[in-house]
Amino acid sequence: MNRQTILFASLALLFIAALLVTQTLMPPRMNGSVIDPPLAVDNFSLHSVDGPVSLSDFRGRYVILYFGYTSCPDICPDSLAKIREALSKQGERAGEVQVIFVSVDPARDSVEYSDVYVKRFSPDFIGVTGSEAEIESVTRQMGIFYQLNEPDDGGFYTVDHTASALLLDREGNLILTWPYGLTPAQMEDDLRALLRR
Amino acid sequence: MKPVKTFLFFLLVFLLAACGPSADLGDPAVSQNGIEIHQPWARSAAMKTGMGEDSHADSPATVAVTGAFMLIKNTTGQDDMLLSASSDVAAETQIHQTTMSDGIMSMAEVFGIEIPAGGQAELKPGGYHVMLIGLKEELKAGKTVTLRLVFQNAGEVVVEAEVRNP
C-alpha cells in the first residue's frame, strides 16, 4: 500500500464514523412536516357509535387524526389504507397508536356509518363525527380547512378538505403532519422513529 | 476491465427495460374500437339505509357512494374522450377529478377525460375516477360491477370491474 491509498482509506473511515455519529445523535429526519414547537391541542369530545370519544382518552398513546367524509371514494380511503399499511409494519407497537377518522360531513355521515366506513380499513380504527359546532372547535385549533360545496341537481355535493393526516404525541400535542402523497413506507419510517421515543 | 464494462452495459439495458413505459399490464379487460381498458376495479362500499336517524330512501343522507378506477389506452391515431359512464348498481354516475391545492383536496365533476391518440389516461386515487352515486346494493369485495363507458369516437364500451376492499 502506498501512502496515497492509506490517506484515502483513513479519510473514508473518518467519513463513515462521522456519518454514524450524526445518524445516532441527531433526531431522525421525518418524512412528514414536523410541527416545532409542538402545538398543544385542547381536549375535545366527538361522538362514535360506542359513545363519546375524547382526545384525553388516548393519553400515553399516539393519535393519528384524519378529517374527511365517507362520500369521498378517492383521497380519504387511499389515505386510510396507506396509514393502515404503515401501522401494520409496527408489529405489537401498533397498539400504541390510535387512528381516528373524523367526518366533517355530519349531515350525511351518521356515527353508525362513520364506524362502518372506517372499520372496513381496520377494526382498530375509530370513526367519529359531531355537530357542526363541535367539528369546528376541533378543526379550527388544528388548522384543518373544510367546506361543503353546492349540491348538484341530484342533491349530491362534495366536500373540500385538508388532506393531511395529523399526528399527536402521547400528551396530545400536534407534532407532525403527513401531506397527501406520502408512501406507506415513508409513514412507516416516521412511525418507527416516533415509537422509539 | 472489459468484463466489468460488459456487465455494466447489460445492467443498464436491464434497468432501462425495467423502467420503460412498456411495463407489462397483461391483457386488457376489454379491447374495443381501439380503446383498451386495463385493470378496472371499484372500491367496496356499504349501504347507508337503516343507519342513523334519516330513513327517507332518497334523502342525501342515505345515499352511499363509491368510486371506480382503471387505465384506459387509446391505440388509435385519433384523440378520444371518455364522455360518460353508467352502471346498474348506482342511481347516478359521474366522472370526477380530484385536485390538490395548498394541501386541500377538492373533487368535482368534469366534462370528460381525454385519452390522446396512442396514449392513455389513468383513473386512480388523487386523479380521475368514475363516481357511483346512490348505490342500489352493497358492493362487497369479490363482486363485479358492470360499467358502461361512452367514448366520443369508440362509442360504448362495457367493462366488468372487480370490487376490492379499500
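Above: the structure in question.
Residues numbered from 1 in each chain as written. Chains lettered and ligands numbered in written order. Predicted model: local features only at pLDDT ≥ 70, side-chain atom pairs only at ≥ 80, totals over all residues. Heavy atoms only, no water.

(A) Layout of the pairing of strand 9 (residues 165-168) of chain A. Residues and elements named next belong to chain A. By the alternation rule, side chains of strand 9 split into A165 and L167 and L166 and L168, which are all buried. Judged from the four bridges that link them, strand 4 (residues 62-68) and strand 9 form a sheet pairing that is antiparallel. Each residue of the ladder has a partner; that of V63, found in strand 9, is L168. Sheet topology places strand 9 next to strand 10 (residues 173-178); four bridges connect them, and they run antiparallel. Looking at strand 10, one finds that A165 is bridged to W178. Counted between consecutive antiparallel strands, the loop separating strand 9 from strand 10 contains four residues, among which G172 sits at a positive phi close to 85°. (Buried < 20%, exposed > 50% of the residue type's maximum accessible area, 1.4 Å probe, protein only. Helix = DSSP H or I, 4+ residues; strand = E, 2+ residues; numbered from the N terminus. Pairing = 2+ DSSP bridges.)

(B) How the structure looks around the environment of B:T99. All names here are of chain B. Here T99 is to be found in strand 5 (residues 90-101). The partly exposed category is assigned to T99, whose relative accessible area is 39%. With 21 residues separating them in the primary sequence, T99 and Q120 have C-alpha atoms 19 Å apart. Apart from the residues lying within four places of it in its own chain, the contact partners of T99 are I104, M105 and S106. (Contact = heavy atoms within 4.5 Å.)

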